[in-house]
Amino acid sequence: MQTAIEFFNNPANYLWIYLLVFASILGFEIISKVPTILHTPLMSGSNAVSGIVIVGAILLVRMAQPDDYLSLSLGFLGVVLGMINATGGFFVTDRMLQMFKKKTK
Amino acid sequence: MLLAIVNLAFLIGAVLFARGLSLLSSPETARKGNIYAGAIGMGLAILGALFFPMDVPNNYLWIVAGLIVGGGIGYYVSYKVKMTAMPQMVAIFNGLGGACAVLLAMVEFNNYYLAEIPDGGTGALVSSALALIIGGVAFTGSFVAYAKLEEFIKDNFLVIPKYHHILNITLLLVLLGFTAWLVYLGPEGEMWMALVFMGIALYYGVSFVVPIGGADMPVVIALLNTFSGLSAASAGLIYNNKIMVVGGLLVGASGVILTVLMCKAMNRSLLNVLIGGFGGSAAGGKKGAQGEMVIKEVALNEAAIQLNYSKSVVFVPGYGLAVAQAQKVCKEIEDILEANDVEVRYAIHPVAGRMPGHMNVLLAEANVAYPKLLDLDEANAYLANADIAVIVGANDVVNPAALDDPSSLIYGMPILRVWDAKHVIVLKRSMRPGYAGIENPLFFHPKTHMLFGDAKDSLTKLVTELKAL
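Residues numbered from 1 in each chain as written. Chains lettered and ligands numbered in written order. Predicted model: local features only at pLDDT ≥ 70, side-chain atom pairs only at ≥ 80, totals over all residues. Heavy atoms only, no water.

### Some words on the domain arrangement of chain B
Residues and elements named next belong to chain B.
(1) Moving on: Parsing chain B into structural domains produces domain 1 (81-276) and domain 2 (300-468).
(2) Moving on: Taking the mean C-alpha position of each, domain 1 and domain 2 sit 36 Å from one another.
(3) Moving on: Contacts between domain 1 and domain 2 engage 19 residues on the former and 20 residues on the latter.
(4) Moving on: Approximately 1,600 Å² of surface area, both sides summed, lies buried where domain 1 meets domain 2, with 71% of it carried by carbon and sulfur atoms.
(5) Moving on: Interface area lost by domain 1 to domain 2 is led by Met83, Thr84 and Ala265, which between them contribute 31%.
(6) Moving on: Applying the counting criterion to the domain 1 and domain 2 interface returns zero salt bridges.
(7) Moving on: When residues of the side of domain 1 that touches domain 2 are traced back to their parent elements, those giving at least two are helix H4 (86-114), helix H8 (217-238) and helix H9 (242-265). (Domains from an automatic or database assignment. Contact = heavy atoms within 4.5 Å. Buried area = accessible area lost by both parts, 1.4 Å probe. Salt bridge = Lys/Arg side-chain N within 4 Å of Asp/Glu carboxyl O. Helix = DSSP H or I, 4+ residues; strand = E, 2+ residues; numbered from the N terminus.)

Laid out in structure tokens, this is it:
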């Protein structure tokens with residue numbers, strides 16, 4: 001209990017909890033009404049956003065010692081995977097939405 | 001100065017993620033939304049990560065190489081993939097995001113245990129463990145989902161009947177216990193423990209998805225999307241990086257919303273889907289009554305005449321349409337019929353196919369105008385006055401047992417009431433039951449006529465017949 005109170009009273013932790021709570025609420029609010037037609041694009045588009053994990057991989061590689069080949073190669077792999085996720089997700093979503101668009105004319 | 005610019009870039013990136021996703025939920029603005037979130041927002045985040053001022057070796061060569069390789073593969077794959085393979089594609093992308101989070105967590109564990117005085121302390125351990133568990137499920141779970149979609153593995157592969165969910169709950173408890181143990185040990189812990197931990201987390205992902213049946217794939221894909229987002233968010237906690245946390249949580253929230261929508265469309269709880277048990281067990285149920293019922297077949301030319309002289313036709317596509325790649329022939333029939341003043345609509349059930357919105361994507365690829373795609377309620381209203389309903393590869397979503405047979409596994413699931421139309425034509429390969437393994441009384445309905453054969457094949461022949469009229 002004591003540690004929990006200390007944890008919560010630490011302004012840095014408090015700020016993080018704020019961020020977590022509000023980002024989640026925001027997420028639910030902005031996407032609450034989705035028409036069926038956009039289920040797949042929304043999914044693959046948000047999938048691309050989860051490629052944000054690449055930021056961590058980039059920071060990891062930057063912080064690794066130049067002779068720490070384990071971290072470097074794992075980090076490199078992380079950058080590749082994250083980048084496939086981000087670019088692949090973006091382009092495939094765009095391709096799909098282009099198809100949707102053609103017929104509004 | 002640089003720090004201020006980078007922080008601003010991260011902030012704008014996070015705002016663009018939120019704005020982009022909200023634009024993605026309306027057809028008119030969706031494309032712009034994707035560019036906001038997926039291109040500009042992501043671009044700013046990557047630039048920010050590259051130039052975030054730190055006194056470190058940087059190793060830019062490694063990073064740039066990774067960006068080029070990953071970007072190249074991502075671009076190439078996204079243009080090569082067929083629209084029918086979209087569920088597999090989304091599954092793989094989810095898995096890669098999860099794998100990335102697992103890598104980050106493992107390197108963090110390694111650094112923590114190698115350091116003389118580990119920094120980050122308990123927080124680093126907890127967030128790494130979290131990223132490892134969630135990322136692990138997203139990673140291996142997605143690859144199992146992929147294997148199921150490609151039919152590399154069968155639905156009951158590696159499943160311990162009846163007790164499988166107990167195994168899964170145990171695994172989850174073991175993982176949580178392991179986390180507590182690592183936190184308790186702190187710097188006393190060792191790398192092999194983290195490796196064992198990773199092994200269990202990866203196996204949990206397999207075990208988690210394996211019992212879930214093919215018909216529940218839309219729920220699984222949406223759920224794995226949630227996990228890939230949450231794993232990115234927990235990796236963000238490792239690096240104290242706010243844009244990762246915000247981006248990951250937004251994805252997580254959108255995934256949860258889709259998951260809930262899919263569950264509602266099947267009238268089942270998420271828990272029920274996760275425990276599985278759909279399929280297999282039900283097969284024996286209604287065999288007795290079936291023998292006395294009669295199936296009526298319809299000849300191709302007769303079906304063509306019926307279609308041609310009706311006023312309104314509703315196509316009801318299902319996974320079979322995707323398997324047969326019959327979407328374009330479907331559109332061809334639509335064109336011929338519309339030229340003869342027959343009104344054509346498509347009735348789309350939310351869980352038709354293998355991922356949320358699967359049918360919409362396929363029909364859009366075939367150039368079907370999206371106002372012609374009716375959702376569940378619109379479709380049921382329309383069907384009441386329609387002349388003919390043509391079922392193309394759908395089964396469970398048009399099964400009347402969902403309405404009137406309390407003993408049926410899908411009882412209570414909202415379905416398309418196709419028998420409200422004057423005639424029903426069912427295109428089907430054989431009398432094999434759908435993936436849920438449930439008999440479909442619709443096939444024996446007095447209004448129903450069966451047209452056996454591969455969906456694409458039958459539709460192509462229908463086109464020929466229609467043109468000959």
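Once the structure has been displayed, the description carries forward.
### Some words on the interface of chain A and chain B
Interfaces are frequently sized by the accessible area removed from exposure as the parts join.
(1) Moving on: Each side of the interface is counted separately: chain A has 79 residues, and chain B has 100 residues.
(2) Moving on: Buried area between chain A and chain B, both sides added, is near 8,100 Å², and the carbon and sulfur share of it is 77%.
(3) Moving on: It is Met43, Arg62 and Arg95 of chain A that lose the most area in chain A upon contact with chain B, and together they represent 10% of the buried surface on that side.
(4) Moving on: Ionic pairing is found between arginine 31 of chain B and aspartate 94 of chain A, a salt bridge with its closest N-O pair at 2.9 Å.
(5) Moving on: Where chain A touches chain B, the interface holds 19 residue pairs in polar contact (both at pLDDT 80 or more).
(6) Moving on: Counting residues per element, the ones that place at least two in the side of chain A that touches chain B are helix H2 (11-30), helix H3 (39-49), helix H4 (54-63) and helix H5 (69-102) of chain A. (Polar contact = N/O pair within 3.5 Å; in protein donor to acceptor, adjacent residues only side chain to side chain.)

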